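Coordinate analysis (summary)
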Amino acid sequence: MKIYIQTDLEGIAGFCFFENRRDAGIENIRHRHRMCQLLTNEVNAAVRAAFDSGAKEVIVNDSHGSGYNILFEQLDPRCRIIHGRNCSGPHWLPLLDSSFDAVIMVGMHAMGGTPAAITPHSRWQVNGGDIYMSECSMAAAIAGDYGVPAVFVSGDDKTVAEVSAKISGIKAVVVKEALSPYQACSMIPAQACQMIYENVKEAVVGYDRIEPYKIQGPVELVLLDSPDHCPPLRKIGEPVTADNISEAFMLYEKAMPWNKFNTVDVDGFIFP
Ligand SMILES: [Zn+2]
């Protein structure tokens, strides 16, 4: 069995605001390191659970911000990790294809415009508003195009509610109740890791009971967002149309300023 673990930072237990990448102060650096440690622990719980329930191969995608957050030297040595400059490679979900049996999603955040969710951003509007998707459900839908089911999600209560409504039977762990974009009532990290371990184990064992999440094509896609995680949202870029959601998404991403293929620095991006 082959498992893909998609990861983000905003939806881990303990995260409730961003570090400031341009602030070299010690408090900011400590905050960033601390969040990376917590992320690493949650991802490792998912990796161990996947192997403990029969996976032979586990690939982790370090998908937040710079793409270099997880303290990989601490990960279970049986897995491999995709990391480095995010969006400098061939795909937002590199190496994901139909050879995988299931996708696990750890640390997910809500879509832009979600009230009282932790740092909500990226609201993908499908077919003029028939469907709205978060980065998390987008990852599930891209996997769905390959026939791969997304079987587990963790994040705040708003994120889990969105994804659970779209994917029937998905295993989920709410690691925190969001109270505002920057405040949450959180599970203590050790407990979150335990819950992730137990639920990923069940999710991987029962992976073939979950249908791949498929969006019927053709698809018109546009991204809505706001710079401060609060409404109003505005369109970022121009709508694209394609036969399926994966194609539409990649066409869209390739036109975005943060997607600098074959360049070394994507950290300097400033919201337009
Ligand atoms: Zn992120």
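Residues numbered from 1 in each chain as written. Predicted model: local features only at pLDDT ≥ 70, side-chain atom pairs only at ≥ 80, totals over all residues. Heavy atoms only, no water.

**Considering the overall build of the protein**
A tally of helices and strands in the protein yields five helices and eleven strands. Over its C-alpha atoms the protein spans a radius of gyration of 17 Å, differing by no more than 12% from the 19 Å that the globule rule assigns to 272 residues. The proportion of buried residues among the 272 residues of the protein is 53%. Restricting the contact set of the protein to residue pairs at least 6 apart, pairs at least 24 apart contribute 68%. With an accessible surface of roughly 11700 Å², the protein has 53% of that area assigned to carbon and sulfur atoms. (Helix = DSSP H or I, 4+ residues; strand = E, 2+ residues; numbered from the N terminus. Rg over C-alpha atoms; globule rule 2.2 N^0.38 Å. Buried < 20%, exposed > 50% of the residue type's maximum accessible area, 1.4 Å probe, protein only. Contact = heavy atoms within 4.5 Å. Areas by Shrake-Rupley, 256 points an atom, 1.4 Å probe, with all protein chains shown as cover.)

**Details of unusual backbone geometry**
In most cases, non-glycine residues show a negative phi, while peptide bonds are predominantly trans. The step from Gly217 to Pro218 runs through a cis peptide bond, and the omega angle for that step is -5 degrees. If you trace the backbone, Pro218 turns up in the loop between helix H4 (189-205) and strand S10 (219-225). In this structure, Ala116 is a non-glycine residue whose phi angle is positive, near 50 degrees. Within the secondary structure, Ala116 sits in the loop between strand S4 (102-108) and strand S5 (123-126). Assessed through its relative accessible area of 30%, Ala116 is described here as partly exposed.

**With respect to empty space enclosed by the protein**
One simple way to see leftover space: roll a probe sized like a water molecule over the atoms. Taken as a whole and assessed by the stated rule, the structure comprises one cavity of 30 Å³ or more. The volume enclosed by the largest cavity comes to roughly 40 Å³. Along the walls of the largest cavity sit Gln6, Thr7, Asp8, Ser63, Trp92, Met108, Glu135, Cys136 and Ala139, which together make up its complete lining. At the level of elements, strand S1 (2-7) and helix H2 (135-145) are the ones that each hand at least two residues to the lining of the largest cavity. (1 Å grid on protein atoms, 1.4 Å probe; cavity = no way out; pocket = protein on both sides within 12 Å on 5 of 7 lines; lining within 4 Å. Points joined across faces, edges and corners; volume = space filled by probe spheres on them.)

**Things to note about the layout of surface pockets**
Reported here for the second largest pocket is a volume of approximately 150 Å³. For the lining of the second largest pocket, the per-class residue count stands at four nonpolar, eight polar and two charged. (Nonpolar A, V, L, I, M, F, W, Y, C, P; charged D, E, K, R; others polar.)

**With respect to the packing of aromatic side chains**
One pass over the full model with this rule turns up six aromatic pairs. Relative to Tyr252, the ring of Trp124 has its centre 5.2 Å away and its plane inclined at 85 degrees; by these criteria the two rings are edge-to-face. Here Trp124, found in strand S5, pairs with Tyr252, found in helix H5 (residues 245-254); they are 128 residues apart in sequence, far enough to count as distant. Summarising the burial analysis for this pair, Trp124 and Tyr252 share the class buried. (Phe/Tyr/Trp six-rings, centres within 6.5 Å; stacked < 30°, edge-to-face > 60°.)

**Let's talk about the packing of H2 against H5**
A packed helix pair is summarised by two numbers, namely the angle formed by the two axes and the spacing between the axes. Where H2 contacts H5, the two axes come as close as 8 Å, and the packing angle between them is 125 degrees. When the axes of H2 and H5 are compared, the pair comes out oblique. Between H2 and H5, the contacting residues are Met138, Ala141, Ile142 and Asp145 on the first element and Ile245, Ser246 and Phe249 on the second. (Axes fitted to C-alpha atoms, helices over the stretch in contact; angles between N-to-C directions. Parallel < 35°, antiparallel > 145°, perpendicular 65-115°, else oblique.)

**Topic: the pairing of strand S2 (residues 57-62)**
Burial analysis of S2 places five of its six residues in the buried class, which makes it a mostly covered element. Note that S1 and S2 share six bridges and pair parallel. Across the sheet, the residue bridging to Lys2 is Glu57, located in S2. Where S2 and strand S3 (residues 80-82) come together, three bridges link them in parallel fashion. Residue pairing in the sheet places Ile59 in a bridge with Arg80 of S3. (Pairing = 2+ DSSP bridges.)

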